[in-house]
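# Observations on the model geometry
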Amino acid sequence: MCSQSGGHDVELFVETPDYDLICTICQGVFRCPVRAACHHIFCKKCILQWLKRCRQQTCPCCRKPVNQSLIFVMFKLSKVIGRLKIKCKNKIRGCPHTLALSEQYCHSMSCLFELIPCPYQGCRAQLLRRDLDAHARHCEHWSQPCHMGCGTVLSHRTQAKHNCYRQLRHEYEARQRNHRAIAAALQRKMRRMQSTMADMKRQIGLICESLEVMDELEEVEEEDLGETSGSFSSSNSSSTAES
């Protein structure tokens, strides 16, 4: 029951836990213990699942009504349970360590007898953490960046043939070719821009010349109009005098 519900497996503990620490629903040691209004204590997950299944929302011990809003976490009891000594879950694989329940997660992250998948992409092997280094020496999916810092990702097949100097030289030459191509493209673009600017200057010059010619024509027209107007005035004066 406890593996499917909220509590800790009793067999996990070095010494048999007190009966007062056992959840009546899952028969495991309390995990996140909570107290109902009737003062009975359960694993939080256990009592919530019980109330979800029970139509009458009653305590499984005394059958008194249980209000979910009146369920309180017992932090001090959680600390007491967290100090209880347990056997490593990997004892069956050979781990001899005993530790406080509260340290279980941290220990599992470093336990040499923890069963873990191979970290290299494509490898489906599962092995003990202590065997990982030995497995990596033969894993066909092993890969890692060159330790000299050239950036090349190596496999067992390419590691023996890898030459950092040659690799870096190839990368340097490739970058040089790329830089030269970029410089040539920029030069072509600059020449096109210069040609465009020269065309624009010529067009501006032609426009200015056209404007000057138009100004001169306007001046000539104004002078012609002035002369015509003067001649017309003289003719009118002569006619008046003769009369």
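Identification of the chain as Ribosomal protein S2 from Hucho hucho is taken from an unreviewed UniProt entry.

### Observations regarding a nonpolar patch on the surface
A cluster of nonpolar side chains, Ile-207, Leu-211 and Met-214, forms an exposed patch at the surface whose accessible area comes to about 300 Å². With relative accessibility at 46%, the residue Leu-211 sits in the partly exposed group.

### Overview of unusual backbone geometry
A positive phi is found at Cys-32, a non-glycine position, where the angle reads about 55°. We note that His-39 has phi near 75°; this positive angle belongs to a residue other than glycine. His-39 gets classed as exposed once you look at its relative accessible area, which sits at 59%.

### Some thoughts on the layout of surface pockets
Quantified by volume, the largest pocket comes out at close to 160 Å³. Contributing to the lining of the largest pocket are Tyr-19, Asp-20, Ile-22, Thr-24, Phe-30, His-39, His-40, Ile-41, Phe-42 and Cys-61. Split by residue class, the lining of the largest pocket holds six nonpolar, three polar and one charged.

### Considering the state of the cysteines
One pass over the structure, following the stated rule, counts zero disulfides. Free cysteine: Cys-139, not disulfide-bonded; nearest cysteine sulfur from Cys-123 at 3.7 Å. Taking relative accessible area as the criterion, Cys-139 reaches 4% and is therefore assigned buried.

### Here we look at the environment of His-138
When you line up the elements, His-138 lands in the loop between helix H4 (132-136) and strand E8 (143-145). With 18 residues separating them in the primary sequence, His-138 and His-156 have C-alpha atoms 8.0 Å apart.

### Some details on empty space enclosed by the protein
As enumerated under the stated definition, the model contains one cavity of 30 Å³ or more in all. Here the largest cavity defines a volume of roughly 40 Å³. Lining the largest cavity are Cys-88, Lys-89, Leu-99, Gln-104, His-107 and Ser-108. The dominant element in the lining of the largest cavity, judged by the number of residues it contributes, is helix H3 (residues 104-108), at three residues. Split into classes, the residues belonging to the lining of the largest cavity amount to two nonpolar, three polar and one charged.

### A short note on the pattern of salt bridges
As enumerated under the stated definition, the model contains three salt bridges in all. A salt bridge links Lys-89 to Glu-114; the shortest N-O distance between them is 3.5 Å. With Lys-89 in the loop between strand E4 (85-87) and strand E5 (98-100) and Glu-114 in the loop between H3 and strand E6 (115-117), the pair connects residues that are 25 residues apart, well separated along the chain. For Lys-89, a relative accessible area of 47% corresponds to the partly exposed category. Classification of Glu-114 as buried rests on a relative accessible area of 14%. Across the pair Asp-131 and Arg-130 runs a salt bridge whose closest N-O atoms are separated by 3.8 Å.

About the thresholds
Residues numbered from 1 in each chain as written. Predicted model: local features only at pLDDT ≥ 70, side-chain atom pairs only at ≥ 80, totals over all residues. Heavy atoms only, no water. Patch = residues over 30% accessible without salt bridge, like charges linked within 9 Å, V, L, I, M, F, W, Y side chains within 5 Å. Areas by Shrake-Rupley, 256 points an atom, 1.4 Å probe, with all protein chains shown as cover. Salt bridge = Lys/Arg side-chain N within 4 Å of Asp/Glu carboxyl O. Buried < 20%, exposed > 50% of the residue type's maximum accessible area, 1.4 Å probe, protein only. 1 Å grid on protein atoms, 1.4 Å probe; cavity = no way out; pocket = protein on both sides within 12 Å on 5 of 7 lines; lining within 4 Å. Points joined across faces, edges and corners; volume = space filled by probe spheres on them. Nonpolar A, V, L, I, M, F, W, Y, C, P; charged D, E, K, R; others polar. Disulfide = S-S within 2.5 Å. Helix = DSSP H or I, 4+ residues; strand = E, 2+ residues; numbered from the N terminus.

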